[in-house]
Amino acid sequence: MKKIVLTMIVMVTVLFGCQSDTAEERNDGGFLWKVENEDTTVYLQGTIHVGNEDFYPLNKKIEDAYEESDVVLPEIDLNEVDPSISQTLMMELAMYEDGQTIADDLTGDTYAALEEILQENGMSIEMVQQFKPWFMEMLLMEFALEETEYSPEYAVDQYFLDRAAEDGKEIRELESFEEQLMMLSGFSDELQLEMLENAILNYDDMAEGLDEITAHWLSGATEELSGTTDVEESFDGYEEYMEEMNKNRNIGMADTILELLEEDSGETYFVFVGAMHMVEEPSIVSLIEDDGYKVEHIY
């Protein structure tokens, strides 16, 4: 179950990958910003939701920022997700009702292509045909992840969550598992279907796309990671998707961070969320800057 949850939060990272390889090679992470208000400091760490053992330790500036922190703020605390509750909710939202199946929504050719992908991964269409498009897309993402050298279990988010638990740091979620699940399952039926069709069409490139995104994160390539022109042109529901997946969430997370700065508790906070939230406009960084704060790019 935890693997499915991790795959869910990887989806946006892969979707918004890009193709440039111009960044300087350094291979120890990046995407770290800092903002202060009197005695209060907030570090903003953009993460990637996959990884492997070779990632760690990260660059010293990132490790030091974590060590300085009193409180850590992830998107969600995966270690506190109750499997029984989350699985029940996920199945309620993921399954068709009244006997409908995925075959009712896909064209014959697309359905055949999906069936072939499933067979390649040791699964029959009959096993999963009751699942809605958004969940089926997650399943394809899980297959693609298995073709790479990366795993959600070694995600940068998970790395900091495990360390924070071990170090006894306070952990405050910026969002919740339920909120993320409701968002992913709440897109219009038309957009869900379009996203799944796009995933089926581009399935053979998914693993390579994840490799490219991971390389951009390791090299700190902020401009390359935020290049979404090709994605924007790839499906009609782009604006609807970005409104919920990026804009609204960034505003909510930025508001929470601004509240911490305004409280000026004198504590140091370490925020770690997907790197796209730090670079894709309106980004968390730019929203904080718009409120009058100076945000310094550390690494």
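(A) Expanded view of the pattern of salt bridges. One pass over the structure, following the stated rule, counts 7 salt bridges. Between E75 and R249 there is a salt bridge whose closest N-O contact spans 2.9 Å. Within this pair, whereas E75 is found in the loop between β3 (71-74) and α3 (83-94), its partner R249 is found in helix α13 (residues 238-263), the two being separated by 174 residues in sequence. By relative accessible area, which is 5% here, E75 ends up buried. Exposure remark for R249: the relative accessible area of 10% places this residue in the buried category. Here R172 makes a salt bridge to E170, at a shortest N to O gap of 2.8 Å.

(B) Representation of α13 in the model. The end-to-end C-alpha separation of α13 is 36 Å, in line with the 38 Å expected for 26 residues at 1.5 Å each. Helix geometry: α13 is bent most strongly at E244, by close to 35°. Phi turns positive one or two residues past the end of α13, at D264, with a value near 50°.

(C) Helix α10 (residues 203-218), seen in detail. The first and last C-alpha atoms of α10 sit 24 Å apart over 16 residues, in line with the 22 Å expected at 1.5 Å per residue. For α10, the complete set of buried residues consists of Y203, M206, A207, G209, L210, I213, T214, H216, W217 and L218. Positive phi appears at G220, one or two residues downstream of α10, with a value of about 65°.

(D) Region of the structure containing the packing of aromatic side chains. The final tally for this structure, using the stated rule, is 14 aromatic pairs. Their ring planes at 50° and their centres at 5.9 Å tell us that F55 and Y56 sit as a pair that is tilted. As far as the burial class goes, F55 and Y56 line up, both buried. Look at W134 and F135: their rings are 5.8 Å apart centre to centre, the planes differ by 90°, and that puts the pair in the edge-to-face class. With a relative accessible area of 4%, W134 lands in the buried category.

(E) Quick peek at the packing of helix α2 (residues 60-68) against helix α7 (residues 156-167). Relative to each other, α2 and α7 sit at 35°, their axes nearing to 11 Å. Viewed along their axes, α2 and α7 form a crossing whose handedness is right-handed. Together, I62, E63, Y66 and E67 of α2 and Y159, F160, R163, A164 and D167 of α7 make up the contact between the two elements. Here the contact of α2 with α7 is composed, by residue class, of 5 nonpolar, no polar and 4 charged.

(F) Seen up close, the confidence of the model for the protein. Within the protein, residue pLDDT values average 89, and 88% of them lie at 70 or more. Note on residues 1-6: pLDDT is under 50 here. Beyond four places in sequence and across chains, it has 19 contacts. Segment residues 12-24 is flagged for pLDDT under 50; beyond a separation of four residues in sequence, or across chains, it makes 40 contacts in the model.

(G) How the structure looks around the side chain of T40. Among the secondary structure elements, T40 is positioned in strand β2 (residues 40-47). The exposure class of T40 is buried, given its relative accessible area of 0%. A distance of 3.0 Å separates a polar side-chain atom of T40 from the backbone nitrogen of S265. If we skip the residues at most four places from it in the chain, T40 touches V35, L260, D264, S265, G266, E267 and Y269.

(H) Spotlight on unusual backbone geometry. In this structure, the amide linkage connecting Y56 to the following residue, P57, adopts the cis form with an omega of 0°. Along the polypeptide, P57 turns up in the loop between β2 and α2. Cis peptide bonds are those with omega within 30 degrees of zero, and the linkage from E281 to P282 qualifies with -5°. Looking at the element boundaries, P282 is found in the loop between α14 (276-279) and α15 (284-290). The phi angle at F31 is positive, at roughly 65°, despite the residue not being glycine. Along the chain, the position of F31 falls in the loop between α1 (2-15) and β1 (32-37).

Reading the values: rules and limits
- Residues numbered from 1 in each chain as written.
- Predicted model: local features only at pLDDT ≥ 70, side-chain atom pairs only at ≥ 80, totals over all residues.
- Heavy atoms only, no water.
- Salt bridge = Lys/Arg side-chain N within 4 Å of Asp/Glu carboxyl O.
- Helix = DSSP H or I, 4+ residues; strand = E, 2+ residues; numbered from the N terminus.
- Buried < 20%, exposed > 50% of the residue type's maximum accessible area, 1.4 Å probe, protein only.
- Expected span 1.5 Å × (residues − 1).
- Bend = angle between axes of the 7 residues up to and from the residue.
- Phe/Tyr/Trp six-rings, centres within 6.5 Å; stacked < 30°, edge-to-face > 60°.
- Axes fitted to C-alpha atoms, helices over the stretch in contact; angles between N-to-C directions.
- Left-handed = near helix turned anticlockwise from the far one by under 90°.
- Contact = heavy atoms within 4.5 Å.
- Nonpolar A, V, L, I, M, F, W, Y, C, P; charged D, E, K, R; others polar.
- pLDDT = per-residue confidence, 0-100.
- Polar contact = N/O pair within 3.5 Å; in protein donor to acceptor, adjacent residues only side chain to side chain.

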